[in-house]
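Examining the three-dimensional arrangement
If you want the building blocks of each chain, they are given just below.
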Amino acid sequence: RTLACYLILQLVFDIVSEKDYLHSRNIILEIIRDNSLEQHLTKLEKRLLYGNYQMEDVLNIVDHIEVFYGLLWIIGLIDTDNMLTIDQPCNIKLAINSINDYSNIKKLIKKSKIRSKKEIIEMHDLFAQIHTIDYKDTNIIKQVVDNRLIALKWILTQEKLELISV
């Protein structure tokens, strides 16, 4: 799921920066097919991949970067201090660089180490608590908390990830 999310984010960055969509899409589609990742794509991601998207879809998927960041923490490619930095958006450079060399799912699996269930549950409970507080007197960014919580909920329920309100 992490690699699929990364590839779709790369496609979104190419769309936003007005790079050659078809060229990027073809490369990303090939990687997705070579690694059997299509089953891990959301409906929104499939629309982006197959060109059936509106610009609103592109804007909606930008939140995926925070979900992606949570997934990177789950597989051990982002440390806990970075995961707990919720007063600013994720470090995009760190996120991209943490997975940039892993266009092959086997390489990614070899490099990653899924955190213990206990550690994931503790992080989930912490984010669920933070989710319930009043944000107005804090520097916490609600979307950061909500989207990282989605990643934690997804791994704990092992359901197909769809970006829904928390």
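Throughout what follows, the structure given in this document is the object of discussion. (Residues numbered from 1 in each chain as written. Predicted model: local features only at pLDDT ≥ 70, side-chain atom pairs only at ≥ 80, totals over all residues. Heavy atoms only, no water.)

As for the packing of helix α1 (residues 2–16) against helix α5 (residues 64–74)
Our working definition: Lines are fitted to the C-alpha atoms to define the axes, a helix being fitted only along its stretch in contact, and any angle between axes, read from their N-to-C directions, falls within 0 to 180 degrees. For helices the rule is a DSSP run of H or I covering at least 4 residues; for strands it is a run of E covering at least 2, with both sets numbered from the N terminus onward. Orientation is classified from the angle alone, with under 35 degrees giving roughly parallel, over 145 giving roughly antiparallel, 65 to 115 giving roughly perpendicular, and any other angle giving oblique. We call a crossing left-handed when the near helix sits turned anticlockwise from the far one by less than a right angle, and right-handed when that turn is clockwise. Any two residues having at least one pair of non-hydrogen atoms within 4.5 Å are treated as being in contact. Residues were grouped as follows: Ala, Val, Leu, Ile, Met, Phe, Trp, Tyr, Cys and Pro as nonpolar; Asp, Glu, Lys and Arg as charged; and all remaining residues, including Gly, as polar.
Closest axis-to-axis distance for the α1/α5 pair is 10 Å, and the angle between their directions is 150°. It follows from the interaxial angle that α1 and α5 lie roughly antiparallel. Both α1 and α5 take part in a crossing whose hand is left-handed. Across the interface between the two elements, T2, C5, Y6 and L9 of α1 pack against H64, I65, F68, L71 and L72 of α5. Along the lines of polarity and charge, the residues of the contact of α1 with α5 split into seven nonpolar, two polar and no charged.

Side note on the packing of aromatic side chains
Worth spelling out the cut-off: Aromatic pairs are defined between Phe, Tyr and Trp rings, using the six-membered ring for Trp, whenever the two ring centres lie within 6.5 Å; interplanar angles under 30 degrees are classed as stacked, those over 60 as edge-to-face, and all others as tilted.
Taken as a whole and judged by the stated rule, the model has two aromatic pairs. On the numbers, 5.6 Å between centres and 55° between planes, the contact of Y21 with Y53 is tilted. Of this pair, Y21 sits in helix α2 (residues 21–34) while Y53 sits in the loop between α3 (43–49) and α4 (55–61), placing them 32 residues apart in sequence.

Some words on the pattern of salt bridges
Stated formally: Salt bridges are defined by distance alone: a side-chain nitrogen of Lys or Arg within 4 Å of a carboxyl oxygen of Asp or Glu. Burial status follows relative accessibility: with a 1.4 Å probe on protein chains alone, a residue under 20% of its type maximum counts as buried, one over 50% as exposed, and anything between as partly exposed.
Evaluated as defined, the whole model comprises five salt bridges. In this structure, the salt-bridge partner of D57 is R47, at a minimum N-O distance of 3.1 Å. Residue D57 is found in helix α4, and its partner R47 is found in helix α3; the two are separated by ten residues along the sequence. A residue is classified by how much of its surface remains accessible, and R47, at 32% relative accessible area, is partly exposed. Here E66 and R148 are joined by a salt bridge, their closest N and O atoms 2.8 Å apart.

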